[in-house]
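Report on the structure
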Amino acid sequence: MELLVFGHAGARVLVFPTREGRFYDYEDWGLVRALEETIEAGNIQLYCLDSVDSEALYCRNCPPRVRLARHSQYEQYVLQEVLPLTSGNPHPFLIAHGCSIGAFHATNIALRRPELFQRIVALSGRYDLTQSAGIFPNLFDGYYSDELYFNTPNHFVPGLTDESVLSLMRRMDIVLTVGEDDPFRGSTELLSEALWRKGVGNHLAIWPGEAHRARCWREMVKQYL
């Protein structure tokens, strides 16, 4: 797996790519440049990750259980290979970040492992892949399992009762942004509400228009990252 690292110090930021995206998209879309001053000041260090979504969540020719197993392998790669790589930076603060489906990945892994992450910055995310949203179809066509439940933030967050887990989530700084006309707005608002009902504070920012474009994300990262 390839990745790119930007910066020499500061909070470690895992940057998950958009749908079937690549590790270099974040730079190519000008988001690294948008954060240039913050990076050069040593406030953050970006780890821009690659994706296996074409073999996992978006592999429509693969059985759902196989897709979820591949997604689980990707999560283990992040936890067992990428995080040890970031240990060269001793900063204790770890941020999960992404745009579009990258926001799903960032939110999903951070809420599942709140003992590791201190912050989520999720832009234009979709947090329930079992529901269609505008032109975006249900990715699982009625299939359901425990594995899918525990990889769907809008499903597992409302069901959380373990106070030890919730207490870790309550110390996190969570930022969720979405455009007022984005088809994922409903999904984002549901997640924000579910978190608040569990006593997990979060900042929900509704941007004008669809705001599901790199030019909007460049402005968002300046404000929230």
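About the cut-offs
- Residues numbered from 1 in each chain as written.
- Predicted model: local features only at pLDDT ≥ 70, side-chain atom pairs only at ≥ 80, totals over all residues.
- Heavy atoms only, no water.
- Helix = DSSP H or I, 4+ residues; strand = E, 2+ residues; numbered from the N terminus.
- Rg over C-alpha atoms; globule rule 2.2 N^0.38 Å.
- Buried < 20%, exposed > 50% of the residue type's maximum accessible area, 1.4 Å probe, protein only.
- Contact = heavy atoms within 4.5 Å.
- Areas by Shrake-Rupley, 256 points an atom, 1.4 Å probe, with all protein chains shown as cover.
- Lys, Arg positive; Asp, Glu negative; His and termini not counted.
- Charge placed at Lys NZ, Arg CZ, Asp CG, Glu CD.
- Axes fitted to C-alpha atoms, helices over the stretch in contact; angles between N-to-C directions.
- Parallel < 35°, antiparallel > 145°, perpendicular 65-115°, else oblique.
- Nonpolar A, V, L, I, M, F, W, Y, C, P; charged D, E, K, R; others polar.
- Salt bridge = Lys/Arg side-chain N within 4 Å of Asp/Glu carboxyl O.
- Disulfide = S-S within 2.5 Å.
- Pairing = 2+ DSSP bridges.
- Expected span 1.5 Å × (residues − 1).
- Bend = angle between axes of the 7 residues up to and from the residue.
- Core = buried A, V, L, I, M, F, W, Y, C linked by side-chain atoms within 4.5 Å.

1. Re the overall build of the protein
- What the protein contains, in helices and strands, is ten helices and seven strands.
- Relative to the compact-globule value of 17 Å for 225 residues, the protein shows a C-alpha radius of gyration of 16 Å, a close match.
- Counting only C-alpha atoms and orienting by the principal axes, one finds that the protein spans roughly 45 × 40 × 40 Å.
- Counting every position in the protein, which comprises 225 residues, the buried fraction comes to 56%.
- Sequence-distant contacts, at least 24 apart, represent 77% of the contacts inside the protein between residues at least 6 apart.
- Split by element, the accessible area of the protein, about 9900 Å² in all, is 49% carbon and sulfur.
- Looking at the protein, you have 21 positive and 28 negative side-chain charges, and the mean spots of the two groups are 2 Å apart.

2. Comments concerning the packing of helix α4 (residues 64–86) against helix α5 (residues 101–112)
- Contact geometry for α4 and α5: axes closest at 12 Å, N-to-C directions at 70°. Looking at the two axes, α4 sits roughly perpendicular to α5. Residues H71, Y74, E75, V78 and L79 of α4 form the contact with α5, whose participating residues are F104, H105, N108, I109 and R112.
- Classifying every residue of the contact of α4 with α5 by side-chain character gives five nonpolar, three polar and two charged.

3. Digging into the pattern of salt bridges
- Evaluated as defined, the whole model comprises eleven salt bridges.
- With a closest N to O distance of 3.0 Å, R60 and D141 form a salt bridge. With R60 in the loop between β3 (44–49) and α4 and D141 in the loop between β5 (119–123) and α6 (146–149), the pair connects residues that are 81 residues apart, well separated along the chain.
- Look at D141 and you get exposed, because its relative accessible area is 60%.
- Here the salt bridges do not stand alone but share partners, grouping E2, R22 and D50 into one network.

4. A short note on the state of the cysteines
- Counted by the stated rule, this structure contains one disulfide.
- Covalently, C59 is tied to C62 through a disulfide, its sulfur atoms 2.2 Å apart. Taking the sign of the S-S torsion, 50° for the link of C59 and C62, the bridge is right-handed.
- With no disulfide partner, C99 has as its closest neighbouring cysteine sulfur the one in C48, 10 Å distant.

5. Quick word on the sheet that holds β3
- Reading across the sheet, the seven strands line up as β1-β3-β2-β4-β5-β6-β7 and stay open at both edges, with mixed pairing between neighbours. A single partner strand is all that each edge strand has here, and the edge strands are β1 (3–6) and β7 (203–207). Sheet twist, expressed as the average angle between the axes of neighbouring strands with direction ignored, equals 15°.
- Of the pairings in the sheet, the one linking strand β2 (residues 11–16) to β3 comprises five bridges and is parallel in character. Bridge pairing in β3 places R12 opposite Q45.
- Against the sheet, α5 engages β2, β4 (94–99), β5 and β6 (173–179), with an angle of about 150° to β4.
- Across the sheet, helix α10 (residues 214–224) touches β4, β5, β6 and β7, and the angle it forms with β7 is around 150°.

6. Observations concerning α4
- Compared with an ideal rise of 1.5 Å per residue, which puts 23 residues at 33 Å, α4 spans 32 Å between its outermost C-alpha atoms and is within 8% of the ideal.
- Helix geometry: α4 is bent most strongly at V78, by close to 30°.
- Within α4, the full set of buried residues consists of R67, L68, H71, Y74, E75, Y77, V78, L79, V82, L83 and T86.
- Buried positions along α4 lie against β1, β2, β3, β4, α5 and α6.

7. With respect to the nonpolar core
- Of all hydrophobic cores here, the largest spans 35 residues; its most connected members are L14, L111 and L195.
- Formed by 28 residues, the second largest nonpolar core is a distinct cluster that contains I44, A214, M220 and L225.

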